[in-house]
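Inside the fold
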Amino acid sequence: MTDLIDILFTTGLWSSALRIATPLIFATLGALLCERAGVLNLGIEGIMTFGAMIGWLAVFMGADLWTGVIVAALCGAAFGLLHSGLAVVLGLSQHVAGLGITLFASSLSYYIFRLAVPVQGTPPTVEPFQPWPVPFLSDLPLIGPTLFSQTPLTYLALVLALAMAYILNRTPIGLAIRITGENPHAAEAQGLNPIAIRIGAVVTGSALMAMGGAYLTLAAFNSFFPTMVQGRGWVCIALVVFAMWRPGRALLGAILFALFDAYQLRLQTNFGKAVPYQLFLMLPYVLSIVALVVMSRKAKVPRALMKPYRRGERG
Amino acid sequence: MRFERREHPVAAITIGAPVLAVTVSLLLAGGLIALAGAPVLAAYASIFTSAFGSKLALTETLTRAIPLMFTGLAAAVAFRAKVWNIGAEGQLYMGALAVAATGLWITAPPVVTIPVLIMVGALAGMVLLIIPVFMRVRFGVDEVVTTLLLNFIVLLFVSLAIEGFLRDPLAFGWPQSVPIPDEGRLPKLVDRSRLHLGLVIAVGFAVMVYLIQRFTVFGLQSRAAGESPTGAAFAGVPITRTLLGVACLSGGLAGVAGAVEAMGVKGFVSTDLSPGFGYSGIVVAMLANLNPIGVIFAALFVAAVFVGADGMSRSMEVPTFIADVTVSLALLTMLIALFFAAYRVRW
C-alpha cells in the first residue's frame, strides 16, 4: 500500500504527467476556443491525427522540428477552414460535419503516410525535440526536474493556456468571441460579424489541435503510426466540459488527467501480473465519462453552442 | 451573400444528392490516385471489376455490405431522433462478444440457436447505448462524447475477454474467443463464397425499420422528438421514453451487426472483427439521407468501394486507405448537396 503513495512523490511521475498533458493542453485549448465561439469541433480526432502525420513527415523529409510544428498548425487551420465552411457558413449539423472531418482527415493522413513511407518492418524515426532545461530554474528541487526540464513545446502549451485565459477574459477580441458563443444575434447588433468571428475561432482552434497531434510524433514519440491518437481528441472534448469552458481549468484538468494516466502506467508495471493490463488502459476513458457526469450539472454551456447562425434567420 | 430556406426542398437535388456525392468523391479520389502515380482510369476499372467483376467479387461486396446495413440502420434511426449514437462500433463488439459467451452453453438445433444468439447480440448492443442515452436525459451529458469513449472501453474489454475468460484454448495462443457452435453459424447463401444468410436478415431489418418509422406511433414520436423536442413535449410526446426506445432500436441494430458478422463470417470474436463498420455506418446513414431502404443501397456502395479498392491496391501501388478517403469525401459532399436542396443562395 505504501508503494501506491510512494509513487506520487517520485519526480518521474510528475514529469511524465506533464509530457502526457502537453498534447491534451493544446487540443483542449483548441476545442475550447471553437466552443466559446459557439462551434463544436468534432473534427478534433482527425485533425490531431493529421497534425501528427504531417508534422512528422515534414521533419522526416528534412525540415527542422519547428517547421514541422508550423506545417502541422497550417494544415490544422486548413481543416478548420473546411469545418467552418460546413458548420459556420452553411450552418450544417456540427455533429455530422465534425465527424465527417475526422473520418476524412484521419483517412487522408494514413493515405499520405503510406504514399510517402512504404510498409517496412520498423517504422522510420526522426530526431525528436529534446528536453530544454530552463537555466537556474531547472536546478530547483522537485519542480526543477519536473516543470522546468521539459521540451519547448510543453512550455509553449503552458504559456498558451495563460494567454488564452487572458485573451478570452480581458481583451475586446475575447469579449467578441464570448458574445458570439452566447448570442450571435446580439453580436451582430453590436456591429460584430459573428460568421467571421466563428471562422476565426475554428481555424485557430483547429491549428492548436494539430499542434497537439504534432507533439505526439515530434516530442512524445519519434515515429508515426495509424491510430496513435487513440481517442485523445474525444478525451479533450470531455475535458472542455470538465473545465466548464475556462482555459485555466482546462490546463488543470489536462494535468490532472495526465497525472492519473501516468499513475496508472506505473501501477501497471507494479501490478501488471495480478490485474489485466486492459483494465488500466480503460481507466482514462472511464475517468473522462465520470468527469462528464459529475461536471455537466454545474456546466455553463455557451448558450449558442451547436446553434448555427444564418444572417436574417431567427434563432 | 445569404442563404434563404426554400419553401420545399428541391426533390431533384434531394434524390440526386447521393449520385452527386458518389461522383464527386470518386473524382476527388481520382486526384489522389494520380498523386500515387497510378493510371487513374485503369484504377477506376480495377476498382469496379474487383467489386463486381466476378461471382467471387460480387459475393465479397455483398458480404461486406451486411454489417454496414446494420450499422447504417443503427445510425439512421438514431440520427432521425437526433440521438447522436457514434458508438455503433462498441455496440457491434458487445453484440459479438455476447454471442460468443452465450454460444458456450447453448445446445439446441439451429432454428432455435440462431434467433436466440441474434437476440442476445441485440440485447448487448441495447444495454450499451441505453447507458449514454440515460445519462443524457438524466444528467444532460452529451452522448456523442460518451458513446465515442465507450468504443475504446469496449474494445479493451473485448481484448480482455478473449485473452481471459473467453479465450480459445485451441487457438495456439492467438487472442481469439471460443468458437461459436456450428448450430449458431449462419448458413451460406452461395457455395464456395463467404456470403451468408445475414444479407436476408439485414434487408428484412431495413424493411422492418421502414415500416416502424412510417406506420407506428413510436416512429412518429421519435421523428418529432428529433425535429423539435420542446414542440413534441408540448404535443404530449413522452420524450424520455421515446429517446430510450430509440436507443434500444439503434443499439440493438448495431449489436445485431456484431452478432451476424461473428456468426456468418468469422465464427469467433477477435479485435479485428470490424474494420470500423460502426464509423462507416454513419456515412451509410447520411448517404441514404436517413432512409432505411436507402441504407441498403448506400451500404452496397460503401462496401463496393472498400472491396474494390482492396483489389485495386493489390495490383497497383495505391495505398488501400484510398477507400476510407473516398467514403469520407462522399459523406462531406452529401452534406453539402443536401444543404443546397433545402436552401437557395441570394446575392
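Figured I'd write up the structure that's included with this text. (Residues numbered from 1 in each chain as written. Chains lettered and ligands numbered in written order. Predicted model: local features only at pLDDT ≥ 70, side-chain atom pairs only at ≥ 80, totals over all residues. Heavy atoms only, no water.)

Brief notes about the overall build of chain A
Note the following rule: A run of DSSP states H or I qualifies as a helix once it reaches four residues; a run of E qualifies as a strand once it reaches two. Both are numbered from the N-terminal end. With the radius of gyration taken over C-alpha atoms, the globule rule is written as 2.2 Å times the number of residues to the power 0.38. Each residue is assigned to one of three classes by its accessible area relative to the maximum for its type, calculated with a 1.4 Å probe on protein chains only: buried under 20%, partly exposed between the two thresholds, exposed over 50%. Working rule for contacts: check all heavy atoms of both residues, and any pair within 4.5 Å makes them a contact.
From N to C terminus, chain A includes 13 helices and zero strands. Listing each helix as α and each strand as β along chain A from the N terminus yields α-α-α-α-α-α-α-α-α-α-α-α-α. For 315 residues, the compact-globule formula gives about 20 Å, and the C-alpha radius of gyration of chain A, at 20 Å, lands near that figure. If you line up chain A on its principal axes, its C-alpha atoms span 60 × 45 × 45 Å. Evaluated residue by residue, chain A yields a buried proportion of 57% over its 315 residues. Excluding contacts between residues fewer than 6 apart, the proportion of contacts in chain A whose partners are at least 24 apart in sequence is 78%.

Notes on the pattern of salt bridges
Residue and element names in this part refer to chain B. Selection criterion: The salt bridge criterion pairs a side-chain nitrogen of Lys or Arg with a carboxyl oxygen of Asp or Glu, the two atoms within 4 Å.
According to the stated counting rule, one finds six salt bridges over all chains in the structure shown. In this structure, the salt-bridge partner of Glu4 is Arg346, at a minimum N-O distance of 3.2 Å. Pair noted here: Glu4 is in strand β1 (residues 2–5) and Arg346 is in strand β2 (residues 343–346), with a separation of 342 residues, a long-range link. Residue Glu4 is classed as partly exposed on the basis of its relative accessible area of 28%. One salt bridge connects Arg194 with Glu60, and the closest N-O pair in it is separated by 2.9 Å. Linking Arg194 in the loop between α6 (143–163) and α7 (198–215) with Glu60 in helix α3 (residues 55–80), this pair joins segments that are 134 residues apart in sequence. Among the ionic contacts, a cluster of salt bridges with common partners joins Glu4, Arg344 and Arg346.

Some thoughts on a positive patch on the surface
Going by this rule: Note that patches include only residues with greater than 30% relative accessible area and no salt bridge, and the join distances are 9 Å for like charges and 5 Å for nonpolar side chains (Val, Leu, Ile, Met, Phe, Trp, Tyr). Only the protein chains shown count as covering a residue, and every accessible area follows the Shrake-Rupley method with a 1.4 Å probe. His residues and chain termini do not enter the charge count, which takes Lys and Arg as positive and Asp and Glu as negative. Lys charges are placed at NZ, Arg charges at CZ, Asp charges at CG and Glu charges at CD.
Taken together, Arg246, Arg249, Lys298, Lys300 and Arg303 of chain A make up a surface patch of like positive charges. Relative to the elements of secondary structure, Lys300 of chain A occurs in the segment after α13 (277–296).

Some details on the nonpolar core
Going by this rule: Side-chain atoms within 4.5 Å link the members of a nonpolar core, which is a set of buried Ala, Val, Leu, Ile, Met, Phe, Trp, Tyr and Cys residues.
Core analysis: the biggest nonpolar cluster contains 223 residues, and Ile44 of chain A together with Phe70, Phe79, Met263, Leu287, Val318 and Ile322 of chain B have the highest contact counts within it. Looking at this core, the element that brings in the most residues is helix α10 (residues 194–220) of chain A, giving 15 residues. Sequence-distant contacts of Leu287 of chain B, that is, excluding residues within four places in its chain, are made with Pro18, Ala21, Ala298, Phe301, Val302, Ala330 and Met334 of chain B.

Some words on the interface of chain B and chain A
Heads up, the rule is: Buried area: the accessible area, evaluated with a 1.4 Å probe, that two parts lose upon being put together, summed over both parts. Polar contact is the term for a pair of N or O atoms within 3.5 Å; when the atoms are in protein, one must be able to donate a hydrogen and the other to accept it, and sequence-neighboring residues count only if both atoms are side-chain atoms. Amino acids outside the nonpolar list (Ala, Val, Leu, Ile, Met, Phe, Trp, Tyr, Cys, Pro) and the charged list (Asp, Glu, Lys, Arg) are all regarded as polar, and Gly is one of them.
Counting residues at the interface gives 47 residues for chain B and 45 residues for chain A. It is Leu149, Leu156 and Phe321 of chain B in chain B that bury the most area against chain A; as a group they hold 15% of the surface buried on that side. Linking chain B with chain A are zero salt bridges. Our count for the chain B to chain A interface comes out at six residue pairs in polar contact (both at pLDDT 80 or more). At the level of elements, β1, α1 (11–35), α5 (110–139), α6, α11 (277–287) and α13 (322–342) of chain B are the ones that each hand at least two residues to the side of chain B that touches chain A. Top contributing element to the side of chain B that touches chain A by residue count: α6 of chain B, with 13 residues. The residue makeup of the side of chain B that touches chain A, split by class, is 37 nonpolar, four polar and six charged.

What about the packing of aromatic side chains?
To keep things clear, this is the line we draw: Aromatic contacts are taken between Phe, Tyr and Trp rings whose centres are within 6.5 Å, Trp giving its six-membered ring; a plane angle under 30 degrees counts as stacked, one over 60 as edge-to-face, and the others as tilted.
Evaluation of the coordinates by the stated rule reveals 18 aromatic pairs over all chains. Aromatic side chains Tyr285 of chain A and Phe152 of chain B sit 5.1 Å apart centroid to centroid with 15° between the ring planes, which places their arrangement in the stacked category. Taken as a pair, Tyr285 of chain A in helix α13 and Phe152 of chain B in helix α6 lie in two separate chains rather than in one. Taken individually, Tyr285 of chain A and Phe152 of chain B each receive the classification buried, so the pair is uniform in this respect. In this structure an aromatic cluster arises from ring pairing among Trp56, Phe60, Phe113 and Phe224 of chain A.

With respect to empty space enclosed by the protein
Residues and elements named next belong to chain B. For the record, the criterion: Only protein atoms enter the calculation, which uses a 1 Å grid: trapped sets of points that fit a 1.4 Å probe without letting it out are cavities, open sets showing protein on both sides within 12 Å along at least five of seven lines are pockets, and any residue with an atom within 4 Å of a point is a lining residue. Grid points are joined across faces, edges and corners, and a volume is the space filled by probe spheres set on the points.
The final tally for this structure, using the stated rule, is three cavities of 30 Å³ or more. Size it by volume and the largest cavity reaches roughly 60 Å³. What lines the largest cavity is Leu26, Ala29, Tyr44, Ile47, Val305, Ala309, Ile322, Ala323 and Thr326. Listed by contribution, the elements that provide at least two residues to the lining of the largest cavity are α1, α2 (40–52), α12 (292–315) and α13. Its residues placed into classes, the lining of the largest cavity shows eight nonpolar, one polar and no charged.

So, unusual backbone geometry
Positive phi, normally seen in glycine, also occurs at Trp245 of chain A, with a value near 60°. Within the fold, Trp245 of chain A resides in the loop between α11 (232–242) and α12 (247–271). Phi is positive for Asn289 of chain B, close to 55°, though the residue is something other than glycine. Relative to the assigned elements, Asn289 of chain B resides in the loop between α11 and α12.

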